[in-house]
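Overview (structure and organization)
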Amino acid sequence: MEQTHKEKVKSYWTHIANEWDDLYESKTSLGRWFNRVFRKAIFMRVEEALKACLDNSCKTVLDIGCGSGRPACVMAKSAVEQITGIDVATSMIGLANKLAQENGLADKCQFMVADFSETSYEKTFDAVIALGVLDYVDDSVAFLTKMRTSAKKIIFFSAPKPTLVRSPLRKIRYTFRKCPITFYTRAKLDKVMKGAGFHRFDIKPLTGAGYMVIGYCD
């Protein structure tokens, strides 16, 4: 039987947990240098998400698709008081819990296996973030609407843009691994944000990779 969109995404992330975590903290100096130079977008979006939370005095954060917990732990070391990370991949949550324990952040970080689209939070958090998640969502308007109704102050997310070289190569790579992926133009992001009920939002370029979007939950 053909897997659903969600099943394909879950299977992909379940199997690459360690590979993904290595992008943040490679075991070799060459690997760390390469990732910082050629994959700097994954670090930039964490910095921008933290800035957005601090600028808006967000103390509680929900991190959707938290992965191995790297961004969450960065935020937990700041003025963010409590961060809840959820991910559909059990393997990712295992890495996240281990990382929080090793860094003495278990009291500020709570990680759990959960599907955001099937869980209700009802404005429990000041901010709801999703870094590198919208790429894999089949209904972006519904997803962003749910983010808006789960946040008290802001939502923040990143989205990849179509490019002449990197996007086709990435599409081929993900197709080979049977994982669906979507790219977003600025016009498309503007449309889905309005469709999700946002009256105020900012779309900023993410160097070489796409966009960062902050939506205000008025």
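What counts as what
Residues numbered from 1 in each chain as written. Predicted model: local features only at pLDDT ≥ 70, side-chain atom pairs only at ≥ 80, totals over all residues. Heavy atoms only, no water. Axes fitted to C-alpha atoms, helices over the stretch in contact; angles between N-to-C directions. Helix = DSSP H or I, 4+ residues; strand = E, 2+ residues; numbered from the N terminus. Parallel < 35°, antiparallel > 145°, perpendicular 65-115°, else oblique. Contact = heavy atoms within 4.5 Å. Nonpolar A, V, L, I, M, F, W, Y, C, P; charged D, E, K, R; others polar. Salt bridge = Lys/Arg side-chain N within 4 Å of Asp/Glu carboxyl O. Buried < 20%, exposed > 50% of the residue type's maximum accessible area, 1.4 Å probe, protein only. Patch = residues over 30% accessible without salt bridge, like charges linked within 9 Å, V, L, I, M, F, W, Y side chains within 5 Å. Areas by Shrake-Rupley, 256 points an atom, 1.4 Å probe, with all protein chains shown as cover. Core = buried A, V, L, I, M, F, W, Y, C linked by side-chain atoms within 4.5 Å. Pairing = 2+ DSSP bridges.

The relative placement of two packed helices is expressed as an angle between their axes plus a distance between the axes. Their axes nearest at 9 Å, the elements helix α2 (residues 17-24) and helix α4 (residues 41-55) cross at an angle of 75°. In terms of orientation, α2 lies roughly perpendicular with respect to α4. Contacts between α2 and α4 involve Trp20, Leu23 and Tyr24 from the former and Ile42, Phe43, Arg45 and Val46 from the latter. Here the contact of α2 with α4 is composed, by residue class, of six nonpolar, no polar and one charged.

For the coordinates displayed, the defined rule picks out nine salt bridges. Between Lys6 and Glu118 there is a salt bridge, and its shortest N-O distance comes to 3.4 Å. With Lys6 in helix α1 (residues 5-15) and Glu118 in the loop between β3 (109-113) and β4 (125-130), the pair connects residues that are 112 residues apart, well separated along the chain. Assessed through its relative accessible area of 37%, Lys6 is described here as partly exposed.

We now examine a nonpolar patch on the surface. Taken together, the side chains of Leu164, Val165, Leu169 and Ile172 define a hydrophobic patch exposed on the protein surface, amounting to about 480 Å² of accessible area. Following the sequence through the fold, Val165 ends up in the loop between β5 (151-160) and α8 (166-176).

Right, let's get into the nonpolar core. The biggest cluster of nonpolar side chains holds 48 residues, and the ones touching the most others in it are Trp13, Trp20, Val61, Met75, Cys109, Phe111 and Phe156. The leading source of residues in this core is α4, at eight residues. Setting aside chain neighbours within four positions, we find Val61 in contact with Cys53, Met75, Val80, Gln82, Ile83, Thr84, Phe125, Ala127 and Ile129. Of all hydrophobic cores here, the second largest spans 30 residues; its members include Leu62, Ile64, Leu144 and Val192.

With that settled, consider the sheet that holds strand β1 (residues 60-64). One open sheet accounts for seven strands, arranged β3-β2-β1-β4-β5-β7-β6; its pairing is mixed. Looking at the sheet topology across the chains shown, the edges are occupied by β3 and β6 (201-206). Pairs of neighbouring strands in the sheet enclose a mean axial angle of 15°, with direction left out of account.

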